[in-house]
Amino acid sequence: MSVTCSSPDLIALQANVDVALQAAVTGHEANPFAHPEQKQVRQVITSTGAVYDPATGPQLRTAIDAIVGCAVSAHQADGSAHPELPQVRKVITDAGLTYNPADTGQLSQAISAIVEAVEPPDATETVKGVVRLANNAEAQAGALYTVAVHPAGLKATVDALINGAPASLNTLGELAAAIGYDANYAVTVAGQMALKAPLASPVLTGTPTAPTPAAGDNSGTLATTAFVKGSVDTAVSGLVNGAPTALNTLGELAAALGNDANYAVTVAGQMALKAPLASPELTGTPTAPTPVAGDNSTKIATTAFVKGSVDTAVSGLINGAPGALDTLNELAAALGNDANFAASVANMLAQKAPLASPALTGTPTAPTPAAGDNSSALATTAFVKGAVDGLGQTVMMPVGMECWYPGTTAPAGWLVENGALVSRADYPMLWAFVQASGMMVSDASWQSGTANRSKFSSGDGTTTFRLPDLITDGLFIRAQSPGDGNFGRRQEDDLKSHTHAYHTQIGSYGAGGGVQELFNNLGTVQTVMSTGGNETRPKNAGRLPIIKAH
């Protein structure tokens, strides 16, 4: 509907309308759906007789062109006709202006006001519109798609993301540098952690080290070899505790004890040969230093001291009797006024036993010594009976004595002489007897034949020894002189060498034990007949050979 006009006024009017229209069109094309909400725009479009269609972007421009075109056409016909044109007046008044036909710029102002009044909707992902600036909370939430973030909001969002991180770690570059630009940092750290020891029950390898705790530490802190050495040195120092250099090691102490593992027993044995401080019973001819004359202390008095003291005392008695006995009356009273004091004392002494070889009568008694006493103390019948009872039935049987026992098992304290190996530790007294008996051979010699079976053997040479075997061949005991050599020997069956005389004639000849010999006419033995058992023996009775073992 655009019309070209030659009137200067109409040309100016169209230029003003074009300026306003261009502003409206620019805004409308940028957001074609902005005008449907503006009543004024809708009225402008519908006032031209057009059907409002929000999808048609150029409707507003087309409507304005129609209105301006009509106004220009009317004005060309009548230069004053267009101010009364209802459409133009309505556009001016809808814009809030007071219509003034003399103001040729009102229509342009009205159109500009209408365009400026159009407020486009908020933009969306599918609709063009106004993009609002987000506030700080919306910027940090990041949930809206239709708002724009301004620098302050962006800074607030970044600050919230940093959230107080130190300046050296508040950028992605710094964080990447902190993890060594390793895109597989988690895997790398996991691999490194696999090479580290756990806090609970670590199994360390190689040569682990740790800080050395302070000396004397008594906690759960790991102890290093330095700590242990220091502790051991301290402990050893405490153990030495000022001992002299010559006695501050176990080797030196052992040497000081004569390297005697039984030093206490050795010293106890030596001490047993020494006199005790309390009630010593000295023997032989004990001596001691002679105290000075007049000594009145607990020192031992020798015979020299006693003689000197007695001589001095007698001299003093003669020359200076004590006040209580310095008269005959006092001495007489002291003797009980007995003119025969010596005889009385002699009679009383006659009733006493002498110290040397006393001949006691009646029923003398004395304290019974402790069992096992081996001293010069008197032995009472109770002591003797206890000692005899302790010996039992074997009091007269020494170890090593052999007997023929009428029983099938040896009694207590005896062993059967059957060639058995026995323990040296179990029978120490019998083993001591065997070694001194002169009847012991090596076990190899004992077993090499029967010649040494009647003797003892040294057994395994360390822990055992072997008894004689008198049972196997039923041996008899025969007296033997120690000077015969091979004492304790065994002799096998034998007959003393002898001869038998006989006549070489036909007939019979009897010779000991009913032996008959039949001879032919040439005098040779034709047939020999014998009698007897499988051994030569005297009459005997069986008993069990046993030996006293302890």
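Worth saying up front: this structure is predicted, and the values here are computed from it rather than measured. (Residues numbered from 1 in each chain as written. Predicted model: local features only at pLDDT ≥ 70, side-chain atom pairs only at ≥ 80, totals over all residues. Heavy atoms only, no water.)

When you go through the protein chain residue by residue, the secondary structure sums to 18 helices and 12 strands. In the protein chain, buried positions account for 20% of the 550 residues. (Helix = DSSP H or I, 4+ residues; strand = E, 2+ residues; numbered from the N terminus. Buried < 20%, exposed > 50% of the residue type's maximum accessible area, 1.4 Å probe, protein only.)

Once that is clear, we can look at the sheet that holds strand β12 (residues 544-548). The strand order β3-β12-β4 describes an open sheet built from three strands, whose pairing is antiparallel. Where the open sheet ends on each side, the last strands, each with one partner, are β3 (402-405) and β4 (414-416). With strand direction ignored, the average angle separating the axes of adjacent strands in the sheet is 40°. Where β4 meets β12, three bridges bridge the pair, whose relative direction is antiparallel. (Pairing = 2+ DSSP bridges. Axes fitted to C-alpha atoms, helices over the stretch in contact; angles between N-to-C directions.)

This part takes up the side chain of R490. Structurally, R490 can be placed in the loop between β8 (464-466) and β9 (507-511). Its relative accessible area of 13% is what places R490 among the buried residues. Apart from the residues lying within four places of it in its own chain, the contact partners of R490 are T450, A451, R453, S454, D473 and L475. (Contact = heavy atoms within 4.5 Å.)

Let us now look at the nonpolar core. Within the largest apolar cluster, 16 residues are counted, with the highest numbers of intra-cluster contacts made by V44, I45, L60, V91, I92, L107 and I114. Broken down by secondary-structure element, the contributors of at least two residues to this core are α2 (39-46), α3 (59-77), α4 (86-94) and α5 (106-117). Counting residues per element, this core draws most heavily on α5, which supplies four residues. Setting aside its immediate chain neighbours within four residues, I92 contacts L97, Y99, Q106, L107 and A110. Residues V399, L415, V434 and I547 belong to the second largest nonpolar core, which totals 13 residues. (Core = buried A, V, L, I, M, F, W, Y, C linked by side-chain atoms within 4.5 Å.)

Attention now goes to the pattern of salt bridges. Applying the stated criterion across every chain yields a total of four salt bridges. Of the charged contacts, one joins R466 and D443 as a salt bridge, the two residues approaching to 2.7 Å between their closest N and O atoms. With R466 in strand β8 and D443 in helix α18 (residues 443-447), this pair connects stretches of sequence that are 23 residues apart. In this structure, R466 and D443 share a single accessibility class: buried. If you follow the salt bridges from partner to partner, you end up with D473, R490 and E492 in one network. (Salt bridge = Lys/Arg side-chain N within 4 Å of Asp/Glu carboxyl O.)

Turning our eyes to something else, we now look at unusual backbone geometry. Positive phi is not limited to glycine here, since S279 has a value of about 50°. Mapped onto the secondary structure, S279 falls in the loop between α12 (263-272) and α13 (303-319). One non-glycine residue, S357, adopts positive backbone phi at about 50°.

Now for the packing of aromatic side chains. Inspection of the entire model under this criterion finds two aromatic pairs. Ring geometry for F433 versus F456: centroids 6.4 Å apart, planes at 85°, classification edge-to-face. Residue F433 is located in helix α17 (residues 428-437), and its partner F456 is located in strand β7 (residues 456-457); the two are separated by 23 residues in the primary sequence. Judged by its relative accessible area of 31%, F433 is partly exposed. Overall, the relative accessible area of 2% leaves F456 in the buried class. Above the plane of the ring of W446 lies R466, whose end atom (NZ or CZ) is 4.8 Å from the centre. (Phe/Tyr/Trp six-rings, centres within 6.5 Å; stacked < 30°, edge-to-face > 60°. Lys NZ or Arg CZ within 6 Å of the ring centre and 35° of its normal.)

Our next topic: a nonpolar patch on the surface. Together, V149, L154 and V158 line one region of the surface with nonpolar side chains, adding up to about 250 Å² of accessible area. Structurally, the position occupied by V149 is in the loop between β2 (147-148) and α7 (151-162). (Patch = residues over 30% accessible without salt bridge, like charges linked within 9 Å, V, L, I, M, F, W, Y side chains within 5 Å. Areas by Shrake-Rupley, 256 points an atom, 1.4 Å probe, with all protein chains shown as cover.)

The element β12 is extensively covered by neighbouring structure, given that five of its five residues are classed as buried. Residues of β12 alternate between two faces, with L544, I546 and K548 on one and P545 and I547 on the opposite face, all of them buried. Across four bridges, the pairing between β3 and β12 is antiparallel. Within β12, the residue paired with Y405 across the bridge is L544.

A separate point is α7. The end-to-end C-alpha separation of α7 is 16 Å, in line with the 16 Å expected for 12 residues at 1.5 Å each. At the C-terminal side of α7, N163 shows a positive phi close to 50°. (Expected span 1.5 Å × (residues − 1).)

Should pLDDT be low for a region, the predicted coordinates there are not to be read in detail. Taken over all residues, the pLDDT of the protein chain has a mean of 78, while the share at 70 or more is 78%. When the criterion is pLDDT under 50, residues 79-84 qualifies, and its contacts beyond four places in sequence or with other chains add up to 11 contacts. Note on residues 506-522: pLDDT under 50 across the span, and 33 contacts to partners over four residues away in sequence or across chains. (pLDDT = per-residue confidence, 0-100.)

Glancing now at the side chain of Q106. Looking at where Q106 falls in the secondary structure, it is placed in helix α5. You can call Q106 buried: its relative accessible area is 6%. Only 2.4 Å separates the side chain of Q106 from the backbone oxygen of T98, close enough to count as a polar contact. Setting aside residues up to four positions removed in sequence, Q106 forms contacts with I92, L97, T98, Y99 and N100. (Polar contact = N/O pair within 3.5 Å; in protein donor to acceptor, adjacent residues only side chain to side chain.)

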